[in-house]
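Inside the fold
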Amino acid sequence: MSLVALSELLGAPVRGATGAVLGRVREIAIAPQDHPTRIAYLIVRTADGERVLPSAVLKSCGSTVRTADDGSAWEKYSASDGVLLLKRDLLDQQIIDVHGRKVVRVNDVELDSTPVNSHVVLSVVAVDVGARGAIRRLTKGIVPSFTLRTLLARIPPRVIPWAYVDLLETDPARRVKLKIVYEGLSKLHPADIANIVEDLPHAEREAVFETLDEEVAAEALEELDPKVQVSIVESLDSDRAADIVEEMDPDAAADLLGELPEGRSGEILNEMEPEERQEVAQLLEFGEHTAAGRMTTEFVAVGDHGIVDDAIEALRQFEGSREAVATVYLYNVAFKIVGAVPLVKLAISPATTPLSQLAEPAVTCTADTPDDDVAALFDKYNLVTLAVLDEHERLAGIITADDVITMLRHRR
Amino acid sequence: MLSRLKHWRARLLLLLAVIGPGFITANVDNDAGGIFTYSQAGAQFGYSLLWTMIPITIALIVVQEMASRLGAVTGKGLSDLIREEFGFRLTFIVMVTLIVTNFGNVVAEFAGIASSLELFGLSRYVVVPVAAFAVWLLVVRGTYASIEKIFLTASAFYVTYIIAGLIAHPDWKAAAFATVTRPEAAGIRNYGYIYMVIALVGTTIAPWMQFYLQASIVEKGITARQYAASRWDVILGCVFTDVVAWFIIVACAATLYANGHHDIGSAADAAQALRPLAGEYAYLLFAAGLFNASLFAASILPISTAYAVCEGLGFESGLDKKFREAPVFYWLYTVIIVLGAAVLLVPGLPLVYVSVLSQVANGIVLPLVLVFMLMLTNDRELMGTYTNSRRFNAIAWTTVVVMVLLTVLMLVTHR
């Protein structure tokens, strides 16, 4: 096997079985439907127009491309949506480096040619994003290729293996044909996804959010700057936006919808499942800069006569965010909040301990408490969660510490 | 009554909302290079270069509109687009050219800082290193964003030129007439005259502004749908810039040129134009304004150059990255500032001359950048329905041809 760079292949003369030059390489194509990395064909510019050189007749690939035939059987090239053209779609374009968790620009593409039986198999192995590819592109045709090779060999390569490359494609139909599903991206931490998305142009952002799994998309969306959130959701159709918003924390969803133009947030609400819609709509009615505007309605509360096991069971059933389970709230027969049990205490107590023995007084506030006072409460009592009570002293929702940190940071 | 009040408030808010990237770019455009070039044009040629103002304004609006439309539609910076559409080698050439011309502009900004503070008797050997370090820190620490508004507000200084122009009792009829008449044909044989025309175009339609404006539009997240409002921001900014430019020329023509003072050797000379307004204190006013304008542009130019170059060539960039993560970005930024400031330490450097020269370089490079912008804005695959109109193409291509011709003429007439 040997490595050859895309920029070396482009423009390289193609010689037939007799040694005669048949044309020059113009493009290199992968058909992802057939094989994800293997080159399907080369497009060769010949005296008789652009022709398709099937990879099965390739004999060698380097600064000269040799074929086993004489080119008479090559078909005329006609543009096709379903193939990835390495020069047009990859060279100089931005891609997501899944391993390095960032957006990078492709300087060159590395291909591997391995002899199999009588021909060579050409496949993509990596994209070059470092100085080596850049200098090769810059000096090609100016410096003799032999000198260039020895020079380039001294530069440490910066390549991303093909398996860690996620392509960016804004056309949904083409995404399907090229099998672009952002598999690598969706496995990253939502905060990393958000970081990557912030580096992308808006059409590409939209493409990512159209394709990602709803749950992953929702978590990533929450991590984004509010302004970016709004622009992404505005660009999605209401149906898709609703699917994602449903998966978000209700408080984050309410904040987001509150920032959207009224007509638009109404459309999205309409598309949502009734249960989620109700929760979010409720939160939307409160002022954004009050406790109610900050709180989430997903929390864990159990009766005050229960035992530790009851609380653990409630935690098992709970589907809300991880931050919300830090405290289990206790209510009495009238559903008034009478105490709070930190998660730690549950973890270290025997399963049959009555919860009332573990309870601490719950720190609470009313729905209209302003942001500043909420932050002050967290500071004063070193809280992880704060209970927000309605007019009947029932638990309306809770505010978690991460929300307060976000709120304080955004204020600067 | 109440409804009318509300109506007015809504209008005012709309206007304030419109003040965005276009207006800011336009203000930065009246930097040290700009002030010196317009002053010199008025002092050297009186009213006779005023005819350039209307064509320049039209070209400026067209070019700036193209840059902001490119940004809004594609969500990408100008150097990104050049890279994606024209490949590595051409991008490299454009980027090297951009670094060289922008470097000239940075030198001009430091010249502005040096000469404004020299009016207060401060030595440039102290002022320039301190200013360079301050600018470097300001941007790297991220404090720039919070003081941008201070710079913008202080830009109100330009209004003093309008007032000075009014008080100087210029020959309004002659000035107005000179603005709308065709230039005299004799000008094309005069090297100094062509040099100044190129400088005027170069300072008003600077190549770096297009990169900066497009980047700001992208940064602000303006998309094709919200684009209509931005267009007004751009037009307003361009008109404001050129009204100020017109008054600087007129003020200098009415004071310096009229008194036979045809060459501006230093900031002290240029400050004389404000004498009708501020009398003995003219130099104070001028120094404060020039200092603000220079520092404003000096905070923007090096960093916007570093962004454009790194994005085009594919290096990590961004102030949110650590030095280790984006070494090229930080080094480029630092070197532009340090070397730009170092040039000022050359003893006896003619500050005004160097500033105007950097604007001539802008004018020479402009067609190169414009050709790329034109090809991009006419690319249907890229722009969809937002491609250039025929009229826009005509204006922009004319600008390209005229600038190339002027450059050739300048070289031919040079002896």
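Residues numbered from 1 in each chain as written. Chains lettered and ligands numbered in written order. Predicted model: local features only at pLDDT ≥ 70, side-chain atom pairs only at ≥ 80, totals over all residues.

1. Thoughts on the overall build of chain A
The condition is simple: Put simply, DSSP marks the helices as runs of H or I at least four residues long and the strands as runs of E at least two long, and each gets a number from the N terminus on. Radius of gyration means the value over C-alpha atoms here, while the globule rule gives 2.2 Å times the residue count to the 0.38 power. Here a residue counts as buried when 20 or more other C-beta atoms fall within 10 Å of its C-beta, as exposed when 12 or fewer do, and as partly exposed in between; the C-beta atoms come from the backbone. By definition, residues are in contact whenever their C-beta atoms, placed on the basis of the backbone, come within 7 Å of each other.
Looking only at helices and strands, chain A has 20 helices and 21 strands in total. In terms of C-alpha radius of gyration, chain A reaches 30 Å, well past the compact-globule figure of 22 Å for 412 residues. Along the longest, intermediate and shortest principal axes, the C-alpha atoms of chain A span 95 × 45 × 40 Å. Evaluated residue by residue, chain A yields a buried proportion of 37% over its 412 residues. In chain A, 61% of the contacts between residues at least 6 apart in sequence involve partners at least 24 apart.

2. Considerations on the overall build of chain B
Along its length, chain B carries 19 helices and zero strands. What you see for chain B is a C-alpha radius of gyration of 21 Å, in line with the 22 Å of a compact globule of 415 residues. Split into buried and exposed, the 415 residues of chain B put 54% on the buried side. At a minimum sequence separation of 6, the contacts of chain B that also span at least 24 residues come to 85%.

3. Things to note about the domain arrangement of chain A
This is how the line gets drawn: The domain limits used here are those given by an automatic or database domain assignment.
Looking at chain A, the domain boundaries give domain 1 (2–162), domain 2 (181–285) and domain 3 (300–411). One C-alpha centre belongs to domain 2 of chain A, the other to domain 3 of chain A; they are set 27 Å apart.

4. What to know about the packing of helix H8 (residues 202–211) of chain A against helix H10 (residues 226–235) of chain A
All names here are of chain A. Which entries qualify depends on this criterion: Between N-to-C directions, angles span 0 to 180 degrees; the directions come from axes that are lines fitted to C-alpha atoms, helices contributing only their stretch in contact. Note on angle classes: values under 35 degrees are labelled roughly parallel, values over 145 roughly antiparallel, values of 65 to 115 roughly perpendicular, and the remainder oblique. Here the nonpolar group is Ala, Val, Leu, Ile, Met, Phe, Trp, Tyr, Cys and Pro; Asp, Glu, Lys and Arg are the charged ones; every other residue, Gly included, is treated as polar.
H10 packs onto H8 with a crossing angle of 70° between their chain directions and a minimal axis gap of 10 Å. The orientation of H8 with respect to H10, classified from their angle, is roughly perpendicular. On H10, the residues touching His-202, Arg-205, Glu-206 and Phe-209 of H8 are Ser-231, Ile-232 and Ser-235. Residue classes in the contact of H8 with H10 are distributed as two nonpolar, three polar and two charged.

5. As for unusual backbone geometry
Residue and element names in this part refer to chain A. At Lys-179, a residue that is not glycine, the phi angle is positive and equals roughly 60°. By the element assignment, Lys-179 lies in the loop between helix H5 (172–177) and helix H6 (183–186). Residue class for Lys-179 comes out partly exposed when judged on the 13 C-beta atoms lying within 10 Å of it.

6. Thoughts on the sheet that holds strand S11 (residues 102–105) of chain A
All names here are of chain A. Put simply, the test is: One requirement defines pairing of two strands: DSSP has to find at least two bridges between them.
One open sheet holds the three strands; their spatial order is S11-S10-S15, and the pairing between them is antiparallel. In this open sheet, the two strands that pair with only one neighbour each are S11 and strand S15 (165–167). Ignoring strand direction, the axes of neighbouring strands in this sheet form an average angle of 40°. With three bridges joining them, strand S10 (residues 94–97) and S15 adopt antiparallel strand pairing. The partner of Ile-95 across the bridge, within S15, is Leu-167.

7. Considerations on the interface of chain A and chain B
Across the contact, 15 residues belong to chain A and 13 residues belong to chain B. Contributions of two or more residues to the side of chain A that touches chain B are made by S11, helix H3 (131–139), H8 and H10 of chain A. Per-class residue counts for the side of chain A that touches chain B are seven nonpolar, four polar and four charged.

8. Notes on the sheet that holds strand S20 (residues 385–389) of chain A
Residues and elements named next belong to chain A. Pairing in this open sheet of three strands is mixed, and the strands run S19-S20-S21 from one edge to the other. Only two strands of the sheet have a single neighbouring strand rather than two, namely strand S19 (364–366) and strand S21 (395–400). Taking each pair of neighbouring strands and ignoring which way they run, the sheet shows an average axis angle of 35°. In this structure, S20 lies alongside S21, joined through five bridges in antiparallel fashion. Across the sheet, residue Val-388 finds its bridge partner in S21, namely Gly-397.

9. Overview of the pairing of S10(A)
All names here are of chain A. Burial along S10 is one-sided: Gln-94 and Ile-96 are buried, while Ile-95 and Asp-97, pointing the other way, are not. Both S10 and S11 contribute to a ladder of four bridges, which runs antiparallel. Paired with Gln-94 across the bridge in S11 is Arg-105. What sits between S10 and S11 in their antiparallel hairpin is a turn of four residues, with Arg-101 showing a positive phi close to 55°.

10. So, the packing of helix H11 (residues 238–247) of chain A against helix H13 (residues 262–271) of chain A
Residue and element names in this part refer to chain A. Our working rule: We call a crossing left-handed when the near helix sits turned anticlockwise from the far one by less than a right angle, and right-handed when that turn is clockwise.
Relative to each other, H11 and H13 sit at 70°, their axes nearing to 8 Å. Between H11 and H13, the angle is such that the two are roughly perpendicular. Handedness of the H11/H13 crossing: right-handed. Packed against H11, whose contacting residues are Ser-238, Asp-239, Ala-241, Ala-242 and Val-245, the element H13 presents Glu-267, Ile-268 and Glu-271 at the interface. Partitioned by chemical class, the residues of the contact of H11 with H13 number four nonpolar, one polar and three charged.

11. Thoughts on the environment of Ala314(A)
Residue and element names in this part refer to chain A. Locating Ala-314 in the fold gives a position in helix H16 (residues 308–317). Among the residues examined, Ala-314 registers 16 C-beta atoms within 10 Å and is labelled partly exposed. Between the C-alpha atoms of Ala-314 and Val-328, which are 14 residues apart in sequence, the distance is 9.0 Å. Ignoring anything within four residues of it in the chain, the contact list for Ala-314 reads Val-300, Val-302 and Val-328.

12. Quick look at the environment of Leu256(B)
Residues and elements named next belong to chain B. Residue placement: Leu-256 occurs in helix H12 (residues 227–257). On the neighbour-count criterion, Leu-256 (24 C-beta atoms within 10 Å) is buried. Linking Leu-256 and Gln-44, residues 212 residues apart in sequence, is a C-alpha distance of 8.4 Å. Beyond its immediate chain neighbours, meaning those up to four positions away, Leu-256 contacts Gly-42, Ala-43, His-261, Gln-272 and Ala-273.

13. With respect to the nonpolar core
Threshold: Core membership is restricted to buried Ala, Val, Leu, Ile, Met, Phe, Trp, Tyr and Cys residues, and these are joined into a nonpolar core through C-beta atoms within 7 Å.
Counting residues in each nonpolar core, the largest one holds 144 residues, and the members touching the most others are Phe110(B), Ile113(B), Ile248(B), Ile249(B) and Ala251(B). Of all the elements, helix H15 (residues 282–313) of chain B adds the most residues to this core, at 19 residues. In this view, Ile113(B) contacts Val127(B), Val128(B), Ala131(B), Phe291(B), Ser294(B), Leu295(B) and Ala298(B); residues no more than four positions away in its chain are not counted. With 104 residues, the next largest nonpolar core counts Ala40(A), Val44(A), Cys61(A) and Val104(A) among its residues.

14. Things to note about the environment of Arg51(A)
All names here are of chain A. If you trace the backbone, Arg-51 turns up in strand S5 (residues 49–54). On the basis of neighbour counts, which here come to 23 C-beta atoms within 10 Å, the residue Arg-51 falls in the buried class. Separated by 21 residues in the primary sequence, Arg-51 and Ile-30 place their C-alpha atoms 16 Å from one another. Setting aside chain neighbours within four positions, we find Arg-51 in contact with Gly-23, Val-44, Thr-46, Gly-71, Trp-74, Glu-75, Lys-76 and Tyr-77.

15. Let's talk about helix H3 (residues 32–45) of chain B
All names here are of chain B. Heads up, the rule is: In this scheme, a helix's expected span is set at 1.5 Å multiplied by one less than its residue total.
For H3, spanning 14 residues, the distance from its first C-alpha to its last is 20 Å, which sits close to the expected 20 Å at 1.5 Å a residue. Summarising burial for H3: 14 of the 14 residues are buried, a large majority. Positive phi shows up at Gly-46, right after H3, with a value of about 60°.

16. Points about the pairing of strand S12 (residues 108–116) of chain A
Residue and element names in this part refer to chain A. Of the strand pairs in this sheet, strand S1 (residues 2–5) and S12 are connected by four bridges, and their pairing is antiparallel. Across the sheet, Ala-5 pairs through a bridge with Glu-110, a residue of S12. Strand direction decides the pairing type here: S12 and strand S13 (residues 119–128), joined by nine bridges, are antiparallel. From the neighbouring strand, Thr-114 faces S13, where its bridge partner is Val-121. Hairpin connection from S12 to S13: two residues lie between these consecutive antiparallel strands, with Asn-117 at a positive phi of about 50°.

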